[in-house]
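# Architecture and fold: a report
Chain by chain, the residues:
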Amino acid sequence: MAHPSTKIIPPLTDELDIVIPTIRNLDFLEQWRPFFEHYHLIIVQDGDPTKKIRVPDGFDYELYNRNDVNKILGPKASCISFKDSACRCFGFLVSKKKYIFTIDDDCFVAKDPTGKEINALAQHITNLLTPSTPDFFNTLYDPYRDGADFVRGYPFSLREGVPTAISHGLWLNIPDYDAPTQLVKPRERNTSSNRYVDAVMTIPKRTLFPMCGMNLGFNRELIGPAMYFGLMGDGQPIGRYDDMWAGWCCKVICDHLGLGVKTGLPYLWHSKASNPFVNLKKEYKGIYWQEDIIPFFQAVVLPKECTTVQKCYIELSKQVKEKLGPMDNYFETLADAMVTWIEAWDEINAQPKAGSQPTTPPLKKEKSEEPKPK
Ligand SMILES: O=c1ccn([C@@H]2O[C@H](COP(=O)(O)OP(=O)(O)O[C@H]3O[C@@H](CO)[C@H](O)[C@H]3O)[C@@H](O)[C@H]2O)c(=O)[nH]1
Ligand SMILES: [Mn+2]
């Protein structure tokens, strides 16, 4: 029997791109096929551009390797990381859609406590299409879910909520721990029987959170320009803080612009524990620096003239340079890269003038063969 999800066309098929960074392979897509086959994929191939990455049959996709990044962005390609999952933000840049879902290539379909397969993409879409409640915490969590509502004492003036910009999903099996935690808890596993929390909640205003990029949805039109994953990996003093940096920048901008960030469902199954010793080498400066980075973001004030994400982000880059630059000149380089990113974003996503040529087609569209009948 056809998988239930293939009987009906899932929502937002023409308004959402799935962005996948990969330095390995795309075999994991076979398991997601019932949920992903109607959506367009943007694959960002990291590492050796001469390596051929095979896309399983039947998917509509664009695939970009480092040569493509350099050709499309020219000198601005310097802001796109190499040899780090941070490269995924190139996919956010070139997408033409309103929504993005990004997932790592070692993430698979998880099962909920009843044993039912979780359609993570559908849950992210629900999260993104329903409001957030950052101004007042609802103790029954997401009031817009079936079977929930605002509890007694929740101000009626706040029940309309605010638009949701980000939907942050979680992980069964291998949790997203930093290297020191991974080293002391090498066998820790989240299973649906012991660690499945059936909740979606809004992260309150003026509260930061550690955004993980492996199971993440966002509204590109609301917050896309702030989803820059920084300078990580090859040639950089730090790695595995790409998603964290993006999350901190996004959260202060969401708070300023009155947008919401949700975390919780959906879960996916994270299969591969990356090497904790390699991770420690990548992370250690971040573990030290973040004791100053977090107070910086907690103290960020954006002027009221910052009415767009781009204006907020440029202002943030100035404060990064001024206040974090003295800690290490990496942050001066990063602040410059934040400006380059916005320049690249505005160049690639320049709104066509009314009556001008139709919007530029995807920069590198391909389609794999139709799936062979089983
Ligand atoms: O140099 C690289 C390394 C990896 N990738 C791709 O990025 C994702 C995540 O890689 P991986 O699963 O090896 O790393 P994790 O430790 O599990 O990832 C967590 O840390 C974040 C990295 O900053 C990541 O978003 C979290 O999930 C895979 O798709 C790799 O193929 C890469 O492109 N280049
Ligand atoms: Mn992983």
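Everything numeric here is computed off the predicted structure, so don't read it as measured data. (Residues numbered from 1 in each chain as written. Chains lettered and ligands numbered in written order. Predicted model: local features only at pLDDT ≥ 70, side-chain atom pairs only at ≥ 80, totals over all residues. Heavy atoms only, no water.)

Let us look at the coordination of the manganese ion (ligand 2). At 1.9 to 2.2 Å from the manganese ion (ligand 2) lie its protein donor atoms, namely Asp106 (OD) and His270 (NE2). Of the two residues, Asp106 sits in the loop between strand E4 (99–103) and strand E5 (107–108) while His270 sits in strand E9 (residues 260–270), which places them 164 residues apart along the sequence. Of the two residues, Asp106 and His270, both sit in the buried class. (Donors = N, O, S within 2.8 Å, 3.2 Å for Na, K, Ca; no water. Helix = DSSP H or I, 4+ residues; strand = E, 2+ residues; numbered from the N terminus. Buried < 20%, exposed > 50% of the residue type's maximum accessible area, 1.4 Å probe, protein only.)

Quick look at the nonpolar core now. If you look at the biggest cluster of nonpolar residues, it comprises 69 residues, and the most contacted ones within it are Ile166 and Trp245. With 11 residues, the single largest contributor to this core is helix H11 (residues 330–348). (Core = buried A, V, L, I, M, F, W, Y, C linked by side-chain atoms within 4.5 Å.)

Right, let's talk about helix H8 (residues 242–257) for a bit. Side chains three or four residues apart in an α-helix point the same way, a direct result of the helix having 3.6 residues per turn. For H8, which comprises 16 residues, the first-to-last C-alpha distance of 23 Å matches the rise-based estimate of 22 Å (1.5 Å per residue) to within 8%. Once H8 finishes, Gly258 follows within two positions and takes phi at roughly 75°, a positive value. (Expected span 1.5 Å × (residues − 1).)

Right, let's talk about the pairing of strand E8 (residues 215–219) for a bit. Counting buried residues along E8, five of its five residues qualify, which places the element largely inside the surrounding structure. Neither face of E8 is exposed, since Asn215, Gly217 and Asn219 on one face and Leu216 and Phe218 on the opposite face are all buried. Relative to E8, strand E6 (residues 164–173) is paired through three bridges, and the arrangement is antiparallel. Its bridge partner lying in E8, Ser167 is registered against Gly217. (Pairing = 2+ DSSP bridges.)

Here the focus is the site of ligand 1. Around ligand 1, 19 residues are found, and the nearest of them are Asp104, Asp105, Arg240, Asp242 and Ser274. Measuring from an oxygen atom of ligand 1, one finds a side-chain N or O atom of Asp105 at 2.7 Å. Asp106 is positioned with one of its side-chain polar atoms (N or O) 2.9 Å from an oxygen atom of ligand 1. Protein contact buries 91% of the 660 Å² of open area that ligand 1 shows by itself. Contributing elements (two or more residues each) for the shell around ligand 1: strand E1 (16–22) and H8. By residue class, the composition of the shell around ligand 1 is four nonpolar, four polar and 11 charged. (Near = heavy atom within 4 Å. Polar contact = N/O pair within 3.5 Å; in protein donor to acceptor, adjacent residues only side chain to side chain. Areas by Shrake-Rupley, 256 points an atom, 1.4 Å probe, with all protein chains shown as cover. Nonpolar A, V, L, I, M, F, W, Y, C, P; charged D, E, K, R; others polar.)

Honestly, that's just the spatial picture; any functional story needs more than this.
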